[in-house]
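Overview (structure and organization)
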Amino acid sequence: MGISTFFNSFIFWGAWVIIPFIMEIIPSIGSAITLIKKRIRNYHPKPPLAYPEISLIVPVYNSYDSLRECIKSIHDSSYDDSKIRVYLVNNRTKDDSFHVYTEAQKEFPTIRMQWLNARQGKSRALNLALYNSTGKYIINIDSDGALEKDALKNMIDVFESDSSIGCMTGAILTIPQQIEEYKHFFSRLLRQIEFVEYAQAFLAGRSYASEKNEIYTLSGAFSAFRKSTVLKSRMYNTNTIAEDTQITFQMRYLMGQKVKLCDNAIYFVGPIEGMNKLYTQRQRWQRGSLEVANMFDSKAFRPSRMLKDVNVRTLLYDHTFAFPRIVWILALVCLYFMDFSTKMILLSSALIMLIYVVIAYLYFWSISIFLREFPDIQKYYKSLWWAIPILPLFNMLTFFIRLTGIFNSMNTTSAWKTKTFTEEVEEYKAVVKDDMKKISLLNSKLYHFMNES
């Protein structure tokens, strides 16, 4: 009896509590403490004696509604217009974005802008502009967002202060004003949680990774390169939907460059359109990660390098360890049938959830300290304190969406266009309906056979 009790307890505390505690909770506590120390130091590099010329690349695809605000944010930035060259790259847009460009030339005459026509695909558009670009640094931004006023200056300050940095990513946040325009409670709630998630992902998660030189991927919405570095690379790859991750791997593995985050260089993007968009977006991220890992030498991704290489560790955590994490969730049912009391299962689950919430509030505190530099953003972020306990549940939802992306990547070709949640549900219903018809037909035939015999 004693051995059986010990064995059951070992399974319970090992599989259900200790493993997630070691794999997720302890590292999160460590990173939160490191970030708080970093926020208290609040170090900013000295500005250079003279700011260099830079190029901004803006891929344009059906950007009629957002392109003007994007260009306006460049014009309104604290970086001198005379030292900015903007390349708007037409990625086979189907709307009248070119008209917005022509009007912007009249409205913002101090910005040097050029319109380029590229073949279909964001990576092709970026490569075309890279070849045509001028200046010391090349910065990519999406056309559906807007730069924070000091974002460009803050990013160049970091570049100029450390010549060993070859590329950098900015921090991405969603636009608070657009979030609050949603009147329906649940529609607004989804976007508010997304804002908190982005803040935690960039201003906590990637900020900590940057401290360790372990950034996994440059943000496709806002990233920057030394021109002398990126032009020696293989450029953006056209055979993957994750060209931003692929060029990050190039910088790290092929060129040995530092990949850093400039956390006070903020780029605002529009909030997620809805659950269908969230479903396709997170699956695409997951699929892209798998595609890029497959492109690089398999020797670089040996499990033995888990403790040394952030890319190996992230790949194992997101994919290899995805299935044990499912087991942990299903263990709720299994533990019940192993005679564990409902009270113990509920208490242990509540304990883990409580720890996740406490960690989320540690991140919330450190991010709030950092955002003192941006009072309006800080005020909005702090107003969402009540959403922090919901974040672990949202993260669990996105985990299952990304897991679906793993399965879908096994039997579909790479493409930006993927099935939405609604489309997959309808497809599932159709399959079930068809299977039920087959079962009904088989049952009818069996019935007639038995009665005729």
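Remember, predicted model here, so these are calculated numbers, not experimental data.

1. Notes on the overall build of the protein chain
Broken down by element type, the protein chain carries 16 helices and eight strands. Expressed as a percentage of its 453 residues, the buried residues of the protein chain come to 49%. Taking the contacts inside the protein chain whose residues are at least 6 apart along the sequence as the reference set, 82% of them involve residues at least 24 apart. Summing over all exposed atoms, the protein chain offers an accessible surface of approximately 23400 Å²; the carbon and sulfur share of this is 61%.

2. Regarding the pairing of strand 2 (residues 84–90)
By the criterion of burial, strand 2 is predominantly enclosed, with six of the seven residues buried. Across seven bridges, strand 1 (residues 54–60) lies against strand 2 in parallel orientation. Residue pairing for strand 2: valine 58 is matched across the bridge by leucine 88. In this view, the connection linking strand 1 to its parallel neighbour strand 2 by way of helix 2 (residues 67–76) has right-handed handedness. Alignment of strand 2 against strand 3 (residues 112–117), held across six bridges, turns out to be parallel. Counterpart to arginine 85 in the pairing with strand 3 is arginine 112. As a crossover connection, the stretch from strand 2 through helix 3 (residues 97–107) into strand 3 is right-handed.

3. Quick notes on the packing of helix 7 (residues 185–211) against helix 15 (residues 391–408)
Across the interface, helix 7 lies against helix 15 with an axial gap of 10 Å and an inter-helix angle of 90°. Looking at the two axes, helix 7 sits roughly perpendicular to helix 15. Contact residues: helix 7 offers Leu190, Ile193, Val196, Glu197 and Gln200, while helix 15 offers Leu391, Phe394 and Asn395. Taken together, the residues of the contact of helix 7 with helix 15 break down into five nonpolar, two polar and one charged.

4. Looking at the confidence of the model for the protein chain
With 80% of its residues at a pLDDT of 70 or more, the protein chain has an overall mean of 82. Scored below 50 in pLDDT, residues 319–324 makes 14 contacts in the model with residues more than four places away or belonging to other chains.

5. Focus: helix 15
Taking 1.5 Å of rise per residue, the 18 residues of helix 15 would be expected to cover 26 Å, and the 25 Å separating its terminal C-alpha atoms lies within 8% of that figure. Regarding helix 15, the residues found buried are Leu391, Pro392, Phe394, Thr398, Phe399, Ile401, Leu403, Gly405 and Ile406.

6. Examining the packing of helix 2 against helix 3
The N-to-C vectors of helix 2 and helix 3 enclose an angle of 30°; their axes lie 9 Å apart at closest approach. Compared by their axis directions, helix 2 and helix 3 come out roughly parallel. Like other packed secondary-structure pairs, helix 2 and helix 3 cross with a definite hand, here right-handed. Contact with helix 2, carried on its side by Leu67, Arg68 and Ile71, involves Ser97, Val100, Tyr101, Ala104 and Glu107 of helix 3 and no other residues of that element. A per-class count over the contact of helix 2 with helix 3 returns five nonpolar, one polar and two charged.

7. Examining the nonpolar core
Across soluble globular proteins, nonpolar side chains have a tendency to be buried as a group. One finds Leu56, Leu88, Ile139, Ile141 and Phe222 to be the most contacted residues of the largest nonpolar core, which totals 100 residues. Considering every element that reaches this core, the biggest residue donor is helix 7, with 11 residues. Among all residues touching leucine 88, those that are not within four sequence positions of it are Val58, Val60, Leu67, Ile71, Tyr101, Met113, Gln114, Trp115 and Leu116. Core analysis: the next-biggest nonpolar cluster, separate from the first, contains five residues, Ala242, Phe249, Val292 and Phe296 among them.

8. A look at the sheet that holds strand 4 (residues 137–141)
The sheet built from eight strands is open, its strands ordered 3-2-1-4-7-6-8-5 with mixed pairing. With one partner strand each, in any of the chains shown, strand 3 and strand 5 (145–147) form the two edges of the open sheet. Taken pair by pair, the neighbouring strands of this sheet meet at an average axis angle of 30°, ignoring direction. Across the sheet, helix 2 is in contact with strand 1, strand 2, strand 3, strand 4, strand 5 and strand 8 (258–269); its angle to strand 5 comes to roughly 5°.

9. Re unusual backbone geometry
Here the phi dihedral of arginine 92 falls at roughly 55°; this positive angle occurs in a residue that is not glycine. Mapped onto the fold, arginine 92 is located in the loop between strand 2 and helix 3. Note on arginine 92: relative accessible area 46%, which makes it partly exposed. For methionine 235, which is not glycine, the phi dihedral falls at a positive 65°.

10. Some remarks on the side chain of asparagine 154
Inspection of the secondary structure assignment puts asparagine 154 in helix 5 (residues 151–161). A distance of 2.8 Å separates the side chain of asparagine 154 from the backbone oxygen of asparagine 264, its partner in a polar contact. Look past the residues within four positions of asparagine 154 in its chain and what remains in contact with it is Cys262, Asn264 and Glu373.

11. Some details on the packing of aromatic side chains
Any aromatic ring pair is given by two values, namely how distant the centres are and how the planes are angled relative to each other. Going through the model one piece at a time under the given rule, you end up with 17 aromatic pairs. Judged by centre distance (5.0 Å) and plane angle (90°), the ring pair of phenylalanine 195 and tyrosine 380 falls under edge-to-face. Here tyrosine 380 lies in helix 14 (residues 375–383) and phenylalanine 195 lies in helix 7, a separation of 185 residues in the sequence. Across the pair, exposure class does not vary: phenylalanine 195 and tyrosine 380 are buried alike. Through successive ring pairs, a cluster of aromatic residues spans Phe195, Tyr361, Phe364, Tyr380 and Tyr381. The ring centre of tyrosine 182 lies 3.9 Å from the NZ or CZ of arginine 191, which sits over that ring.

12. Regarding the pattern of salt bridges
One pass over the structure, following the stated rule, counts 10 salt bridges. A salt bridge links glutamate 53 to arginine 112; the nearest nitrogen and oxygen atoms lie 3.7 Å apart. Of the two residues, glutamate 53 is situated in the loop between helix 1 (2–41) and strand 1 and arginine 112 in strand 3; the sequence distance between them amounts to 59 residues. The partner of lysine 72 in a salt bridge is aspartate 76, and the shortest N-O contact between them spans 2.6 Å. Pair noted here: lysine 72 and aspartate 76 are both in helix 2, with a separation of four residues, about one helical turn.

Thresholds applied
Residues numbered from 1 in each chain as written. Predicted model: local features only at pLDDT ≥ 70, side-chain atom pairs only at ≥ 80, totals over all residues. Heavy atoms only, no water. Helix = DSSP H or I, 4+ residues; strand = E, 2+ residues; numbered from the N terminus. Buried < 20%, exposed > 50% of the residue type's maximum accessible area, 1.4 Å probe, protein only. Contact = heavy atoms within 4.5 Å. Areas by Shrake-Rupley, 256 points an atom, 1.4 Å probe, with all protein chains shown as cover. Pairing = 2+ DSSP bridges. Right-handed = clockwise from strand over helix to strand, strands pointing away. Axes fitted to C-alpha atoms, helices over the stretch in contact; angles between N-to-C directions. Parallel < 35°, antiparallel > 145°, perpendicular 65-115°, else oblique. Nonpolar A, V, L, I, M, F, W, Y, C, P; charged D, E, K, R; others polar. pLDDT = per-residue confidence, 0-100. Expected span 1.5 Å × (residues − 1). Left-handed = near helix turned anticlockwise from the far one by under 90°. Core = buried A, V, L, I, M, F, W, Y, C linked by side-chain atoms within 4.5 Å. Polar contact = N/O pair within 3.5 Å; in protein donor to acceptor, adjacent residues only side chain to side chain. Phe/Tyr/Trp six-rings, centres within 6.5 Å; stacked < 30°, edge-to-face > 60°. Lys NZ or Arg CZ within 6 Å of the ring centre and 35° of its normal. Salt bridge = Lys/Arg side-chain N within 4 Å of Asp/Glu carboxyl O.

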